[in-house]
Amino acid sequence: MAENILNRFENIYDEEPEIDTSVKVKVGIIGTGWIAEEHARCYKAMPDVELVAAADLVPGKAEKFCKTNKLEGVRCYESGHAMLEAEDLDAVSICTYNCQHAPCAIDALEHGVHVMLEKPFTVTVDEAVEVMRAEKKSGKILTIGFQPRMSVNMKRIKQIVDSGELGKVYYIQSGGGRRVGIPTPYGTTFIDKETGGIGAMGDIGCYSLDMLLNAVGYPKPLTVTGYTSDFFGKDPNYYPGHPEYADVFGVDDFAAGFVRLEGGIMLDFRISWAMHMDTMGDAIILGTKGGLKIPSTECWNGDFDKPLKIYKTIAGKPTCTEIPLDPSGDLFHEKLRSFVTAVKTGGAATIPSSQIIYNQAIIDGIVKSNAVGHEIPVEIPEV
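Residues numbered from 1 in each chain as written. Predicted model: local features only at pLDDT ≥ 70, side-chain atom pairs only at ≥ 80, totals over all residues. Heavy atoms only, no water.

Caption draft 1: Up close: the sheet that holds strand S15 (residues 376–377). A sheet is described by the order of its strands in space; here 9 strands give the open sequence S14-S13-S12-S11-S7-S10-S9-S8-S15, paired in mixed fashion. Each edge of the open sheet carries a strand with a single partner, namely strand S14 (317–323) and S15. Where strand S7 (residues 169–173) lies against strand S10 (residues 265–272), 3 bridges are found, and the strand directions are parallel. Residue Ile172 lies in a different strand from S10, and its bridge partner there is Leu267. Packed onto the sheet, helix H7 (residues 152–162) meets S7, strand S11 (283–287), strand S12 (291–294), strand S13 (308–314) and S14 and runs at close to 20° relative to S13. Relative to the sheet, helix H11 (residues 353–372) contacts strand S8 (221–229), strand S9 (254–261), S10 and S15, its axis offset from that of S8 by approximately 55°. (Pairing = 2+ DSSP bridges. Helix = DSSP H or I, 4+ residues; strand = E, 2+ residues; numbered from the N terminus. Contact = heavy atoms within 4.5 Å. Axes fitted to C-alpha atoms, helices over the stretch in contact; angles between N-to-C directions.)

As structure tokens, this is what we get:
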């Protein structure tokens, strides 16, 4: 019987499209921090992409980035806007800190340029709506940078739910989280309210939300009860050698929420940058005919290293079927490859804003609910 279940979840690999190198996509990068290095690496490997420009607000940073990553002939600018004004670009990767996601994305779309926007979508739901309005007006592609969607193992989660194997899904629960993992090796960009805007939720929580919400069809959130804290981030003892970081810390290092979704599904969400616990558990999806356990990771930003498990009752006996892991390849490359292909073919965004607006609305709702101390309705303005 377990073998029969396994046979239902095979052949999930997508065929590699043939690349037409006669048509090249001209790309620029806005924001040249560490995540931009991954974008540059992937674009350099694509024979149908010309990485022509890079921009950063910090003087000299874009030039240093190009030199470090051996990007010859790439023109550098001290703002994304200056780059968009000067260059004839087809697409941009936006790799700025969170608080610049919205203005940079809107600017690029208004210049008629396709946008790969790194996660999180934005800081607030109102910002996300403004970006979507610019997207709608421009007619250009806007895709959000969730590379775990490229994983065959992540795709299998949705395949299992869509198959009906679990019956009607009524409860989903996130897990994972970091015991020690406030991201300060790169300075205070992630933890300063003026640059990060949101903390653990925007950095890694959005990944776990996307994994679960995508699996169940991205239902609209209706109400949120949320909680956030910053006990570790504001403790000078957390930062050996940099106690001053505690004074800068202005975001969440832990967050939790209980969210009512359309379709009668409850979402139990929690994420952590720091806590006195190794993990908050595995992620789970409960249905009327079965349950799915997704093994815990620190942040759900790639693949997992243990098999999925399906729990069912078969012939009156509780059973557990392990779904073996499959190799997924270079997820970051596949994320950018799908974006470039969509730009060239006029295809749809792989991770569309119409989905991720709900992800952002949950994060925004947790922040607002925590501020008022009670459950609140989720309100998303019209696009």
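Picking up after the structure, the text goes on.
Caption draft 2: Highlighting unusual backbone geometry. Here Lys119 and Pro120 are connected by a cis peptide whose omega angle stands at -5°. Here Pro120 lies in the loop between strand S5 (114–118) and helix H6 (125–138). The phi dihedral of Tyr218 is positive, around 50°, even though this residue is not glycine. By the secondary structure assignment, Tyr218 is in the loop between helix H8 (200–215) and S8. The exposure class assigned to Tyr218 is buried, which follows from its relative accessible area of 5%. Even without being glycine, Trp300 reaches a positive phi, approximately 60°. Of note, Trp300 is situated in the loop between S12 and S13. Accessibility expressed as a relative area gives 1% for Trp300, which makes it buried. (Buried < 20%, exposed > 50% of the residue type's maximum accessible area, 1.4 Å probe, protein only.)

Caption draft 3: Summary view of the pattern of salt bridges. Applying the stated criterion to the full structure yields 19 salt bridges. Residue Asp48 pairs with Lys344 through a salt bridge whose shortest N-O separation is 2.8 Å. Placement of Asp48 in the loop between helix H2 (34–44) and strand S2 (49–55) and of Lys344 in helix H10 (residues 331–345) is noted, with a sequence separation of 296 residues between them. Note on Asp48: relative accessible area 0%, which makes it buried. Of the charged contacts in the structure, one is a salt bridge between Asp305 and Lys306, with a shortest N-O distance of 3.5 Å. Residue classification places Asp305 among the exposed positions, given a relative accessible area of 55%. For Lys306, a relative accessible area of 46% corresponds to the partly exposed category. It is possible to trace a salt-bridge network through shared partners that takes in Glu38, Arg41 and Asp330. (Salt bridge = Lys/Arg side-chain N within 4 Å of Asp/Glu carboxyl O.)

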